[in-house]
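Read off the chains here:
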Amino acid sequence: MVKYLVASFEWSSDIGNEIASSLGLAHTIIESKFFPDGESYVRYPIDLSVYDGLILVQRAYPNQDSRLFQTMLAVDAARDLGVREIHVVLPYLPYARQDRRFRDGEPISLSTLLTLLSSLKVSSVIAVDVHKPEAFRAPGMRCVNVEPFEFYADLLRGVDNAVLLSPDLGSLWRVKRVSEYSGFQYSYLEKFRDRVTGEVTIRPRELDVAGKEVFIIDDIIATGGTIIEATKVLKSMGATKVHAIATHCLLLNNADLRMLEAGVSSITCSNTIPTKYTRVNVNQLIVRAIKELIT
Ligand code: R5P
């Protein structure tokens, strides 16, 4: 039988604690700091030689690049110290949106990240609501996408006249999933993003939102541009209220304030990135996924 340890970085220890206590495993917090020149340092404060399995938990936002590199240092140290099986939990998976080459000369950054983790002999990566699950894969490593949609359906209990909307066709499957749990009708908007400026344009489609409460469901709120543009369009079409539900709320440059000013009635986020809008806790979904991976 494999003896597992849960190790988390300090800012991820709430998730690490819950995983460890749910699975009856020991939990340690990895020491980390930056050298004066900015290079990362990590250290396990306990003897790893008694463990053969590790569940490593890292909230890799903000400071994605350094937190990802810390993760790689921690993976490599554990393997070097004799741990055979390593599962990495990255609740928010950085670089997931660069899952293809949008312009000539670009890297497919998600693939780069996963290739690096796989080359370090990580057994599996567990992430929540990955932008495009079909792009979340790498040779020799399991990639597990945890879906929070049953929880989003729970948020809709007691609402009568709701429509679920995806801000674009690519995310339509999300609202379909929430609809499977809640029974509400769903549709999508047409979104265009200028790949150079990042500016978002939403084109209205024939949608029956007049007199209805609309719930926009998305994986990420970054600049808020998508939700703001969608809200303007939906309000002009007669929607009574527009609510935003997103798994990962980066809320850049006061995106939340700008969304509320644009008429968004509520913002709901999960705890992958804690914010004052966090109302959905995905920890037990992560635990469920880990249970299926460990022996
Ligand atoms: C992109 O396709 C994603 O699903 C989100 O819609 C996007 O990342 C949101 O970004 P922003 O808030 O900057 O419009």
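Residues numbered from 1 in each chain as written. Predicted model: local features only at pLDDT ≥ 70, side-chain atom pairs only at ≥ 80, totals over all residues. Heavy atoms only, no water.

Asker: Account for the site of the ligand, naming residues and giving values.
Answerer: Not every one of the 14 residues close to the ligand is listed here, only the nearest: Arg-97, Asp-218, Asp-219, Thr-223 and Thr-226. Asp-218 places a polar side-chain atom, nitrogen or oxygen, 2.5 Å from an oxygen atom of the ligand. At 2.8 Å, a backbone N or O of Gly-224 approaches an oxygen atom of the ligand. Those elements giving two or more residues to the shell around the ligand turn out to be β10 (190-193), β12 (213-221) and α6 (225-236). If one sorts the elements of the shell around the ligand by residue count, β12 sits on top with 4 residues. (Near = heavy atom within 4 Å. Polar contact = N/O pair within 3.5 Å; in protein donor to acceptor, adjacent residues only side chain to side chain. Helix = DSSP H or I, 4+ residues; strand = E, 2+ residues; numbered from the N terminus.)

Asker: I'd like a description of the pairing of strand β9 (residues 185-188), backed by residues and values.
Answerer: With 4 bridges joining them, strand β8 (residues 162-166) and β9 adopt parallel strand pairing. What sits directly across from Val-163, in β9, is Gln-185. (Pairing = 2+ DSSP bridges.)

Asker: Run through the pattern of salt bridges, naming residues and quoting values.
Answerer: Evaluated as defined, the whole model comprises 15 salt bridges. The shortest N-O distance in the salt bridge between Arg-59 and Asp-14 comes to 2.8 Å. With Arg-59 in the loop between β4 (53-57) and α2 (64-80) and Asp-14 in helix α1 (residues 13-23), the pair connects residues that are 45 residues apart, well separated along the chain. Note that Arg-174 and Asp-219 form a salt bridge whose closest N and O atoms lie 3.8 Å from each other. In this pair, Arg-174 is assigned in helix α5 (residues 172-182) and Asp-219 in strand β12, connecting sequence segments 45 residues apart. The exposure class assigned to Arg-174 is buried, which follows from its relative accessible area of 0%. Salt bridges here are not isolated pairs; linked through shared partners, they connect Asp-129, Arg-174 and Asp-219. (Salt bridge = Lys/Arg side-chain N within 4 Å of Asp/Glu carboxyl O. Buried < 20%, exposed > 50% of the residue type's maximum accessible area, 1.4 Å probe, protein only.)

Asker: Outline the domain arrangement of the protein chain, listing residues and values.
Answerer: Here the protein chain is partitioned into domain 1 (4-146) and domain 2 (149-280). Here the C-alpha centre of domain 2 lies 29 Å away from the C-alpha centre of domain 1. Each partner contributes residues to the interface: domain 1 has 13 residues there, and domain 2 has 17 residues. Between domain 1 and domain 2, the buried area comes to about 1400 Å², and carbon and sulfur atoms account for 58% of it. Joining domain 1 to domain 2, the criterion identifies 1 salt bridge. A salt bridge links Arg-174 to Asp-129, with the nearest nitrogen and oxygen atoms 2.8 Å apart. Taken together, the connections running from domain 1 to domain 2 amount to 9 residue pairs in polar contact (both at pLDDT 80 or more). (Domains from an automatic or database assignment. Contact = heavy atoms within 4.5 Å. Buried area = accessible area lost by both parts, 1.4 Å probe.)

Asker: Could you give an account of the sheet that holds strand β15 (residues 278-280), naming the residues involved and the relevant values?
Answerer: What the 6 strands build is an open sheet, ordered β9-β8-β12-β13-β14-β15; its pairing is parallel. The open sheet is flanked by β9 and β15, the only strands paired with a single partner. Averaged over all adjacent pairs, the angle separating strand axes in this sheet is 35°, with direction ignored. Of the strand pairs in this sheet, β8 and β12 are connected by 4 bridges, and their pairing is parallel. Pairing of Leu-165 across the sheet is with Ile-216, part of β12. Taken strand by strand, α6 contacts β8, β12, β13 (241-249) and β14 (264-270), and its axis lies near 165° from that of β12. (Axes fitted to C-alpha atoms, helices over the stretch in contact; angles between N-to-C directions.)

Asker: Describe helix α3 (residues 109-119), with residues and values.
Answerer: All of the buried residues along α3 are Ser-109, Leu-110, Leu-113, Leu-114, Leu-117 and Ser-118. Buried positions along α3 lie against α2 and β6 (124-128). Directly after α3, the chain includes Lys-121, whose backbone phi takes a positive value near 65°.

Asker: So what's going on with α1? Residues and values would help.
Answerer: An α-helical segment advances 3.6 residues per turn. Residues three or four places apart therefore align on the same side. Regarding α1, the residues found buried are Ser-13, Ile-15, Gly-16, Ile-19, Ala-20 and Leu-23. Along the axis of α1, the buried positions cluster into a sector of 155°, meaning they face one direction only. Structurally, α1 contributes buried residues whose contacts are with β1 (4-9), β2 (26-34), β4, β5 (85-89) and α8 (283-291). Phi turns positive, to about 65°, at Gly-24, one or two residues after α1. (Arc of directions from axis to C-beta.)

Asker: Any details on the packing of aromatic side chains? Residues and values, ideally.
Answerer: The final tally for this structure, using the stated rule, is 5 aromatic pairs. Judged by centre distance (5.7 Å) and plane angle (80°), the ring pair of Tyr-61 and Tyr-92 falls under edge-to-face. Here Tyr-61 is found in the loop between β4 and α2, whereas its partner Tyr-92 is found in the loop between β5 and α3, with 31 residues between them in sequence. Neither Tyr-61 nor Tyr-92 differs from the other in exposure class; each is buried. (Phe/Tyr/Trp six-rings, centres within 6.5 Å; stacked < 30°, edge-to-face > 60°.)

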